[in-house]
Amino acid sequence: MIKKCLFPAAGYGTRFLPATKAMPKEMLPILNKPLIQYGVEEAYDAGCDVMAIITGRGKRAITDHFDISYELEHQIKGTSKEAMLNDIRKLIDECTFTYTRQNEMKGLGDAILKGRVLVGESDPFAVVLADDLCINPDGEGVLRQMINIHNKFRCSIVAIMEVPDEEVHKYGIISGREIEDGVYMVEDMVEKPDNDKAPSNLAIIGRYILTADIFEIIENTKPGKNGEVQITDALLTQAKRGMVLAYKFKGKRFDCGSVEGFVEATNYFYNNILKKCK
Ligand code: UTP
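Residues numbered from 1 in each chain as written. Predicted model: local features only at pLDDT ≥ 70, side-chain atom pairs only at ≥ 80, totals over all residues. Heavy atoms only, no water.

Time to look at empty space enclosed by the protein. Where empty space is left becomes clear once a probe the size of a water molecule has been rolled over the atoms. For the structure shown, the criterion picks out one cavity of 30 Å³ or more. Taken as a whole, the largest cavity encloses approximately 30 Å³ of empty space. Around the largest cavity, the lining residues are Ala 10, Tyr 12, Gly 56, Arg 57, Gln 102, Asn 103 and Met 105. Classifying every residue of the lining of the largest cavity by side-chain character gives three nonpolar, three polar and one charged. (1 Å grid on protein atoms, 1.4 Å probe; cavity = no way out; pocket = protein on both sides within 12 Å on 5 of 7 lines; lining within 4 Å. Points joined across faces, edges and corners; volume = space filled by probe spheres on them. Nonpolar A, V, L, I, M, F, W, Y, C, P; charged D, E, K, R; others polar.)

Below, the structure is given as C-alpha cells:
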C-alpha cells in the first residue's frame, strides 16, 4: 500500500514572475483552489494520507494553507461561506502534513532526495508535481491508476503522454517496449532532448511512483542537463538495474507551470466543472 506522497515545491516559478516573487507558484489558484490542493486531493483519493512537502524560502503560505485558520473560521462560522472550507478541513483532519526544505535549487532529483527524511527508506512512495494538474473526469485519478499498476508490478512508474515532436525538448522522454495496453518497459530515457534526437514522443509528466532504492541511486547521480540532478538520469539507472515502467495515463493534464497551460486549465475548470456544479 502506498500511503506517502512527496510534493517537490521548492522551485522559483520564474515563468510566473512577478506573481511568484513573494508567493509560491503552488498557491496560484485554478478558480478558487490552489494548485497544490488539487494535487493533495488526487493523492488522498489514491489512498495516501501522509503528504510530504519539499519547500524553500518564501513558501510559508503552503504550510499555512494546510493548517487551521482559527480567526477566519470564527469569522465565517454559521454563514453560507463555511462550506467553502469543507474540502480543505477534511484534508487537514485526515492527513498528516510534513515538511522539509531544499536549501538550494539543485534539481528535481535533489528535491526528491531531500524527501528521504519524510518518506523513509523502505516503502515505495508517490511523487506529485503540483504544477502539473491532472484530472480524469471519466474515472480514477491519475495517481490511483498508477498505484494500481504498481500493485501489480512492484516497481517505479512514470506517467507519460504523447506530445507533438516540436515539444519533446521541454520534457524527459522515454522509449520502451509496450508490455500491456499503455504500459511500457523503459529502455531509454533522456531529459529535454533536442527535437531531432528524441527517442520517441512519449513525455514524462509530473506523476511518479518510486521505490525507495531510488534515494541511493540519486545520491550517486551526477548533475546532468542544466547542472541539475535529474530524476530522469536516476530512473534510467534504476531501469538498467531492474525495471521501470512508463504508463500512458487516462485523463487530462494541464501544464500549470506555464501561463498558457494555466489559462487553459482555468477555462477548462470553469466550463466543465464549475458551470456543471451550478
Ligand atoms: P520546474 O522547473 O517546472 O519549476 O520544476 P520551477 O523551477 O519552479 O519553474 P520555472 O521554470 O522557474 O518557472 C518542476 C517541479 O519541480 C520542483 C518545482 O517546485 C516544480 O514543482 N523543483 C524543481 C524543486 O522542488 N526543486 C528543484 O530544484 C527543481
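With that settled, the discussion passes to the site of the ligand. Around the ligand, 18 residues are found, and the nearest of them are Gly 11, Thr 14, Arg 15, Gln 102 and Gly 107. In this structure, Arg 15 approaches the ligand through a main-chain N or O atom, which is 2.8 Å from an oxygen atom. Between the ligand and the protein, one listed contact pairs an oxygen atom with a backbone N or O atom of Lys 106 at 3.4 Å. For the ligand, whose unbound accessible area comes to 570 Å², protein coverage reaches 81%. (Near = heavy atom within 4 Å. Polar contact = N/O pair within 3.5 Å; in protein donor to acceptor, adjacent residues only side chain to side chain. Areas by Shrake-Rupley, 256 points an atom, 1.4 Å probe, with all protein chains shown as cover.)

Okay, the UniProt feature "domain: Nucleotidyl transferase" (unreviewed entry) in the protein chain next. According to UniProt, the positions carrying the feature "domain: Nucleotidyl transferase" (unreviewed entry) are residues 9–267. For residues 9–267, helix accounts for 32% and strand for 26%, while the C-alpha atoms at its two ends are 24 Å apart. (UniProt positions renumbered as here; feature names shortened; annotations may be inferred. Helix = DSSP H or I, 4+ residues; strand = E, 2+ residues; numbered from the N terminus.)

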